[in-house]
Amino acid sequence: MKETNYGTYLILIVLLLIGSFARVYAQAAESPLDDAQDGFVIEEMIVTAQRRSQSIQSVANSIEAIAGDDLDELQKVGLEDYINSIAGAGFTRNANGSVKVGLRGISAIAQDEYAFSSTTSTTGMYLDDVAVQGAGALPDLNLYDLQRIEVLKGPQGTLYGEGAMGGAIKLILNKPDLNEFTVKGEITGIDTKGADLGHRVRGAVNIPLVEGRLAARIVGSQESRKGWIDNIATGEDGVNDIESWSLRVALLAQITDAFSAELLVMHDQQDVAGFGQEVDILGDLETNLLEKEYNDTEFDIYALTLKYDLGFAELTSISSWFERERDFAQRVPFSIDEFILPLAMLPPLGFSANETLSVYEEVDTLSQELRLVSQGDSLLDWTVGAFYRDRDRDVCTPYDSPGGFALNGLLGSLGLGALALPQTTFDCERLPITGLDIFNRTAEETFEQFAVYGEINWAFTDTLELTAGARYFDEEVEFTDDQLAFSVFSFLTVPASTNSTSDSDVLFKLGLSWAPADNQLYYVNVAEGFRSGGANLNATITTDPGRFRTFESDDLINYELGAKTSWFDDQLTLNATLFYSDWSDIQSDILVPAITTPTVSVLTEGGDAEIQGAEVQLNYRSSNWLMGLSATLQDASFTDPAPNANIVEDSQLPNAPDLTASAFARYSHDMRMGELFAHLEYRYVDEQRTEVEPVIPTSPLYDDDLTILDSYDVINLTLGLRAERWHVTAFVQNLTDERYAVDYGYGLSFFVGGFNPNMTALGTPRTVGLTIGAEF
């Protein structure tokens, strides 16, 4: 692998910036500007978290927002780039690129990477008003030209419903401009330690087709991130390349002064050629796995938003179709013992293999929402709405042929599993299975939900406002196991079955806020959240299928006391929150006796947990400086585990670090031709669990250390010059080249008889980049 010459690269960047600085200063000397102005204030951020436009400081809820211009300037492209700057966020990323997010200790602790019986995310994700989360990991969309990102913390059950039990992430896109033609774009060179040069190209064009009435906005991006993991077994360098691209078209029609329609069409694709993980016993950034691993994901979104201004209120209709297609393969340890020793009647033979588990998944979601939001100055603001969602999910897992399986099994039994041959997998189109396949499985899930909701804000005095909301939902989930077959071991074949579950309930929210002055807001909220239940695909092969046929929804109630204040003529904002959450009937996976294997994992009630904590946000601005700090200190732990859940009482919840903190300082200097700036950012994440702590180890070789990610901190630096029509930016991400784990791979300690080395999914090493952009 080539060695990057960072010295030369940095020198070139510095020379370019010095040249730009010199040009600006030379012109400024002829006509100097006074930049030492008084009266600088924190820029007001307008958000739509409560389904209406409000200043973020007037929202009686904990919310953080990042402006789209800041995202572009600091090269925050993906979920990992911005989520760790949010106080109270827990973040893990599987080596294949799939991410899991927890907000204030609430996360999908039983989320299944392999897409079968899996809980949904506890964090809702919305592209404008389109919900894009579902079973499994959150999507990591490659977005450009955003207006802002809003992160709402705490349950958002009344306005956002299912899937927003811990909070919600809203990605707000820039809308087409009906009157002005604009073009913007940028190109970025990316140099990550241990990798070849990569690049990112992004652009957007706004075209008024009929001035004042019809406009289109087209946004596209393409990125090539070169790999930094070397495979010493195959001699291949940089195996974890990532190629991604995105294209979206928005068409806005102002049909009448009161009626508008917006059509959004978007395609987003990410191809992960190999995994960003190292084998722990090898050298820095090295692996020796022979299996072909990849994760290719495509998202397609079609949305039509109609708005009609009724005067007293705005009526909005959002119709959307969201489709996700995922083709995924990952190495897993695989033991013959699991098939020839039903119910663990005999001791293990130690005959094992390393197999490539392939998963193909399609998710199609149709949703419709009608919402009526009051307008105008009134003592009573209100929102009412109805929501419908219909989701279909098809999954299949084709395994490989028995020839390679037998050879690798022999190597595994001799302790030579590292020499296993790479495996090939069959496409799902080959189903139904043939006698050459070891194991094939297909399944489909249907989810249907209807809900109605409402929320009022009543200002019953000049300073006091009461908030009350409710949401009724009714839903049904059906999971069909189309085919579960061990064709070589046909006597273990299990017939197809269908499991279903239904649920209905009412969620409440109640809040009281007090605003004694324009720059002070104090509030108390009590809010409920929930997450849908589902059906266990593995129930048919357990010894008690009736008991584990379905798993129920879990729910949460959150109590929050907060303050939002501004000081010194709005030069300083200080917000603080105390929160307590009571999480009941947590969806967890447990091991139970099975027919075809000694044990199998099913989803069921894992018990209860409590989360209590405090968070603070501080921002200060002077004439040249903008500084900020956010931090969350929390204790998230199981308080009453279910008897069969195998969870240690008072143990830490996964994805719930005790402390998360971020700070930044930005210095800017306004000159005639533009703004010079330097932005330094620091992020700290405390240690966190990736799995629950078991009372009884899952194997004799279990090592709890492999479920705990060490604490880490990351420093980013950005330097730039922004003029009216162009900008140039140099950045260094992970300045100190910190090696930090974002997840652990399953190792020897997790499986009896299977050889699989311990692996660590790593955060990206130090990355240096240079961006040149223009806007017209």
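Note that the coordinates shown come from a computational prediction; the quantities given were computed from them, not determined experimentally. (Residues numbered from 1 in each chain as written. Predicted model: local features only at pLDDT ≥ 70, side-chain atom pairs only at ≥ 80, totals over all residues. Heavy atoms only, no water.)

K.L.:
Kindly report on the overall build of the chain, identifying the contributing residues and their values.
P.N.:
Counting its secondary structure elements, the chain contains five helices and 42 strands. Here the chain holds 776 residues, and the buried ones make up 55% of them. Of all intrachain contacts in the chain linking residues separated by at least 6 positions in sequence, the fraction that spans at least 24 positions is 69%. On the chain, roughly 30,700 Å² of surface is accessible, and the fraction owed to carbon and sulfur atoms is 58%. (Helix = DSSP H or I, 4+ residues; strand = E, 2+ residues; numbered from the N terminus. Buried < 20%, exposed > 50% of the residue type's maximum accessible area, 1.4 Å probe, protein only. Contact = heavy atoms within 4.5 Å. Areas by Shrake-Rupley, 256 points an atom, 1.4 Å probe, with all protein chains shown as cover.)

K.L.:
Now, about a negative patch on the surface: what can you tell me, with residues and values included?
P.N.:
Residues Glu 605, Asp 635, Asp 640, Glu 649, Asp 650, Asp 658, Glu 687, Asp 703, Asp 705 and Asp 710 make up a contiguous surface patch of negative charge. Relative to the assigned elements, Asp 640 resides in strand β33 (residues 625-641). (Patch = residues over 30% accessible without salt bridge, like charges linked within 9 Å, V, L, I, M, F, W, Y side chains within 5 Å. Salt bridge = Lys/Arg side-chain N within 4 Å of Asp/Glu carboxyl O. Lys, Arg positive; Asp, Glu negative; His and termini not counted. Charge placed at Lys NZ, Arg CZ, Asp CG, Glu CD.)

K.L.:
An account of empty space enclosed by the protein is requested, with residue identities and associated values reported.
P.N.:
In this structure the tally under the stated criterion is 14 cavities of 30 Å³ or more. Estimated volume of the largest cavity: approximately 810 Å³. Every residue lining the largest cavity is counted, 44 residues in all, and those nearest its centre are Glu 80, Asp 81, Arg 93, Arg 225 and Thr 764. Every element with two or more residues in the lining of the largest cavity is listed here: α3 (79-83), β12 (214-225), β14 (242-254), β15 (259-272), β35 (674-685), β38 (712-723) and β39 (726-733). For the lining of the largest cavity, the residue count by class is 16 nonpolar, 18 polar and 10 charged. (1 Å grid on protein atoms, 1.4 Å probe; cavity = no way out; pocket = protein on both sides within 12 Å on 5 of 7 lines; lining within 4 Å. Points joined across faces, edges and corners; volume = space filled by probe spheres on them. Nonpolar A, V, L, I, M, F, W, Y, C, P; charged D, E, K, R; others polar.)

K.L.:
So what about a nonpolar patch on the surface? Which residues, and what values?
P.N.:
A contiguous nonpolar patch, built from Leu 209, Val 210, Trp 245, Leu 247, Val 249, Leu 251, Leu 263, Val 265, Tyr 302, Leu 304, Trp 321 and Leu 366 and spanning about 960 Å² of accessible area, is present on the exposed surface. For the nonpolar patch, the secondary-structure elements that each account for two or more residues are β11 (197-210), β14, β15 and β18 (294-309). A per-element tally of the nonpolar patch places β14 first, with four residues.

K.L.:
Hey, could you go over the pattern of salt bridges for me, with residue numbers and the actual values?
P.N.:
For the coordinates displayed, the defined rule picks out 34 salt bridges. With a shortest N-O distance of 2.9 Å, Lys 193 and Asp 737 are connected by a salt bridge. Taken together, the residues Lys 193 in the loop between β10 (182-192) and β11 and Asp 737 in the loop between β39 and β40 (741-745) connect sequence positions 544 residues apart. You can call Asp 737 buried: its relative accessible area is 12%. For the salt bridge of Glu 223 with Arg 225, the shortest nitrogen-to-oxygen distance reads 2.8 Å. Judged by relative accessible area, which is 6%, Glu 223 ranks as buried.

K.L.:
Describe the packing of aromatic side chains, listing the residues and the values that go with them.
P.N.:
Enumeration over the complete set of coordinates arrives at 10 aromatic pairs. Ring centres 6.4 Å apart and planes at 40 degrees place the aromatic pair Phe 312 and Trp 382 in the tilted group. Of this pair, Phe 312 sits in the loop between β18 and β19 (313-335) while Trp 382 is found in strand β21 (residues 380-398), placing the two residues 70 residues apart along the sequence. Here Arg 326 stacks its cationic end above the ring of Phe 328, 4.4 Å away from the centre of that ring. Here the guanidinium or amino end of Arg 391 rests over the ring plane of Phe 447, the centre of that ring lying 4.4 Å away. (Phe/Tyr/Trp six-rings, centres within 6.5 Å; stacked < 30°, edge-to-face > 60°. Lys NZ or Arg CZ within 6 Å of the ring centre and 35° of its normal.)

K.L.:
Quick one: what's the story with the confidence of the model for the chain, residue by residue and with numbers?
P.N.:
Per-residue pLDDT for the chain has a mean of 81; in total, 80% of the residues score no lower than 70. Confidence drops under pLDDT 50 across residues 430-438; counting only partners more than four residues distant or on other chains, this segment forms 30 contacts. (pLDDT = per-residue confidence, 0-100.)

K.L.:
How would you sum up the nonpolar core? Please name residues and give values.
P.N.:
In terms of nonpolar packing, the biggest core is built from 32 residues, with Leu 79, Tyr 82, Ile 83, Leu 127, Ile 149, Ile 169 and Leu 171 touching the most fellow members. When residues no more than four places from it in sequence are discounted, the contact partners of Ile 169 are Leu 79, Tyr 82, Ile 83, Thr 123, Gly 124, Met 125, Tyr 126, Ile 149, Glu 150 and Val 151. Core analysis: the second largest hydrophobic core is formed by 23 residues, Met 165, Ile 586, Ile 611 and Ala 645 among them. (Core = buried A, V, L, I, M, F, W, Y, C linked by side-chain atoms within 4.5 Å.)

K.L.:
Please provide a residue-by-residue account of the sheet that holds strand β9 (residues 167-173), values included.
P.N.:
If you trace the five strands from one edge of the open sheet to the other, you get β3-β8-β9-β6-β7, paired in mixed fashion. The sheet is open, and its two borders are formed by β3 (63-67) and β7 (130-131), each paired with just one other strand. Bridge analysis of strand β6 (residues 123-127) against β7 gives two bridges, and the strand direction is antiparallel. Among the inter-strand pairings, Tyr 126 is bridged to a residue of β7, identified as Ala 131. (Pairing = 2+ DSSP bridges.)

K.L.:
Residue-level account of unusual backbone geometry, with values.
P.N.:
The phi angle at Arg 51 is positive, at roughly 70 degrees, despite the residue not being glycine. Mapped onto the elements of the fold, Arg 51 is located in the loop between β1 (46-47) and β2 (54-55). Residue class for Arg 51 comes out buried when judged on its relative accessible area of 10%.

K.L.:
How would you summarise the pairing of β35 if you had to cite specific residues and measurements?
P.N.:
The buried count for β35 comes to nine of 12 residues, which makes it a mostly enclosed element. Relative to β35, strand β34 (residues 659-670) runs antiparallel, the two being bridged by 11 bridges. Bridge pairing links Thr 660 to Val 685 in β35. Between the end of β34 and the start of β35, which pair antiparallel, lie three residues. Of the strand pairs in this sheet, β35 and β38 are connected by 12 bridges, and their pairing is antiparallel. When the sheet's bridge partners are listed, Gly 674 is paired in β38 with Ala 723.

K.L.:
Before we move on, could you go through the environment of Asn 61 and cite the residues and values that matter?
P.N.:
By the secondary structure assignment, Asn 61 is in the loop between β2 and β3. In this structure Asn 61 comes out as buried when scored by relative accessible area, which is 6%. Considered as a pair, Asn 61 and Lys 153 are 92 residues apart in the sequence and their alpha carbons are 7.8 Å apart. Setting aside its immediate chain neighbours within four residues, Asn 61 contacts Gln 50, Lys 153, Gln 156, Lys 509, Tyr 523, Asn 525, Glu 560 and Lys 564.

K.L.:
An account of the pairing of β9 is needed here, citing residue identities and associated values.
P.N.:
With seven of seven residues buried, β9 is to be regarded as a mostly interior element. The two faces of β9 match: Gly 167, Ile 169, Leu 171 and Leu 173 on one face and Ala 168, Lys 170 and Ile 172 on the other face are all buried.

K.L.:
Can you break down the side chain of Arg 389 residue by residue, with the values?
P.N.:
Secondary-structure assignment places Arg 389 in strand β21. Taking relative accessible area as the criterion, Arg 389 reaches 5% and is therefore assigned buried. Apart from residues lying up to four places away in sequence, Arg 389 is in contact with Ala 131, Glu 162, Thr 365, Leu 366, Ser 367, Phe 447, Glu 448 and Gln 449.

K.L.:
I'd like a rundown of the environment of Asp 518, residues and numbers included.
P.N.:
Looking at the element boundaries, Asp 518 is found in the loop between β24 (497-517) and β25 (520-531). Sequence separation of Asp 518 and Ser 566 is 48 residues, and the distance between their C-alpha atoms is 8.8 Å.

K.L.:
Mind laying out the environment of Arg 683, listing which residues take part and the relevant values?
P.N.:
Within the secondary structure layout, Arg 683 lies in strand β35. What makes Arg 683 buried here is its relative accessible area of 8%. On a C-alpha basis, the gap between Arg 683 and Tyr 712 in space is 8.3 Å, while along the polypeptide they are 29 residues apart. Sequence-distant contacts of Arg 683, that is, excluding residues within four places in its chain, are made with Lys 76, Glu 80, Asp 81, Asn 84, Ser 85, Ala 661, Ser 662, Tyr 712, Asp 713, Val 714 and Asn 716. Here Asp 81 takes part through its backbone oxygen, which lies 3.0 Å from a polar atom of the side chain of Arg 683. (Polar contact = N/O pair within 3.5 Å; in protein donor to acceptor, adjacent residues only side chain to side chain.)

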